[in-house]
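Examination of the molecular architecture
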Amino acid sequence: MRIVLIKPGSLKRDEAGNILYASSSVTLIVSDRFLVVDTGSADEMDIVFDGLRRAGASPDDIEIVVNTHLHEDHTGGNDIFRNADVLSYHTGLREGCVLAQGVRIIETPGHTLDSISVLCSGDIVIAGDALPTADNHIKDLPPRLHVDRALAMKSMHRIAGIARIVVPGHGMPFSIPGGRDVELA
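Residues numbered from 1 in each chain as written. Predicted model: local features only at pLDDT ≥ 70, side-chain atom pairs only at ≥ 80, totals over all residues. Heavy atoms only, no water.

1. A closer look at the layout of surface pockets
Taken as a whole, the largest pocket spans an internal volume of roughly 430 Å³. Considering the residues around the largest pocket, the lining is formed by 19 residues, among which Leu11, Arg13, Pro132, Asn136 and Arg144 are closest to the centre. When contributions to the lining of the largest pocket are tallied by element, the ones reaching two or more residues are β2 (10-13), β3 (19-23) and α3 (134-139). At three residues, α3 tops the list of elements feeding residues into the lining of the largest pocket. (1 Å grid on protein atoms, 1.4 Å probe; cavity = no way out; pocket = protein on both sides within 12 Å on 5 of 7 lines; lining within 4 Å. Points joined across faces, edges and corners; volume = space filled by probe spheres on them. Helix = DSSP H or I, 4+ residues; strand = E, 2+ residues; numbered from the N terminus.)

See below:
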């Protein structure tokens, strides 16, 4: 399996901590199928195209797009993947759904009630906003935006208990002790 960060997520805040701009990480998974997890904001599609090209893929190669939840900063590029099935909790992705060899869904509610994450090779978690930044993990703080704080914390702790590498929704991948590297496009 090959996992490539096509575009790291970004999050810009003002001095009071209010979110000014957000765009999710976009991750390519090549297993027995080509998958993309989250598609970022619509205004960053040039970056996504370039990252796919550097990884040796094109939007037409992608068979499945997984949206970790349906916020616009995670779904803004869905329409460039014309050949892909676009899947989310709302299309039936639930705990344990297998998407490709070594790739399955885990339910990680809290940020939204429909938040899911993608588990690869048993210890790499593409977390969306269930774990939006490394700081959330380090400081043991839930996503700033959440519908249920207790669920958000439970999901973060679950991810940390499974993952050796986390691809957060809004930052660079980070290791949990004993982790492996994720290729950057």
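2. Observations regarding the pattern of salt bridges
In total, this model carries seven salt bridges according to the counting rule given. With its nearest N and O atoms 2.3 Å apart, the salt bridge here joins Arg53 to Asp50. A residue pair is termed a helical-turn pair when its members lie 3 or 4 positions apart in one helix, as Arg53 and Asp50 do in helix α1 (residues 45-54) at three residues. The structure contains a network of salt bridges with shared partners spanning Asp50, Arg53 and Arg54. (Salt bridge = Lys/Arg side-chain N within 4 Å of Asp/Glu carboxyl O.)

3. Concerning the environment of Val37
Counting through the fold element by element, Val37 comes out in strand β5 (residues 34-37). Among the residues examined, Val37 registers a relative accessible area of 1% and is labelled buried. Between the C-alpha atom of Val37 and that of Gly169, which follows or precedes it by 132 residues, the distance is 10 Å. For Val37, the residues in contact, after removing those within four places along its chain, are Ser25, Val26, Thr27, Ile29, Val66, Thr68, Val118 and Ile126. (Buried < 20%, exposed > 50% of the residue type's maximum accessible area, 1.4 Å probe, protein only. Contact = heavy atoms within 4.5 Å.)

4. Looking at the side chain of Thr68
Structurally, Thr68 is set in the loop between β6 (64-66) and α2 (72-75). Judged by relative accessible area, which is 1%, Thr68 ranks as buried. For Thr68, the side chain forms a polar contact with the side chain of Asp38, separated by 2.8 Å. Discounting chain neighbours no more than four positions away, the residues touching Thr68 are Val37, Asp38, His74, Asp114, Ser115, Ile116, Ile126, Gly128 and Asp129. (Polar contact = N/O pair within 3.5 Å; in protein donor to acceptor, adjacent residues only side chain to side chain.)

5. Re the pairing of strand β9 (residues 103-107)
Pairing between strand β8 (residues 98-100) and β9: two bridges, direction antiparallel. The residue bridging Ala100 from the neighbouring strand is Val103, located in β9. By the bridge criterion, five bridges tie β9 to strand β10 (residues 116-120) in an arrangement that is antiparallel. Among the inter-strand pairings, Ile106 is bridged to a residue of β10, identified as Ser117. (Pairing = 2+ DSSP bridges.)

6. Topic: the sheet that holds strand β13 (residues 174-175)
Working definition: the strands of a sheet are paired by backbone hydrogen bonds and lie parallel or antiparallel to each other. Read across the open sheet, the six strands follow the order β8-β9-β10-β11-β12-β13; overall the sheet is mixed. The open sheet is flanked by β8 and β13, the only strands paired with a single partner. Sheet topology places strand β11 (residues 124-128) next to strand β12 (residues 165-168); four bridges connect them, and they run parallel. Paired with Ile124 across the strands is Ile165, a residue of β12.

7. Observations regarding unusual backbone geometry
Although it is not a glycine, Asp38 sits at a positive phi angle of roughly 60°. By secondary structure assignment, the location of Asp38 is in the loop between β5 and α1. For Asp140, which is not glycine, the phi dihedral falls at a positive 55°. Note that Asp140 resides in the loop between α3 and α4 (149-162). We classify Asp140 as partly exposed; its relative accessible area is 37%.

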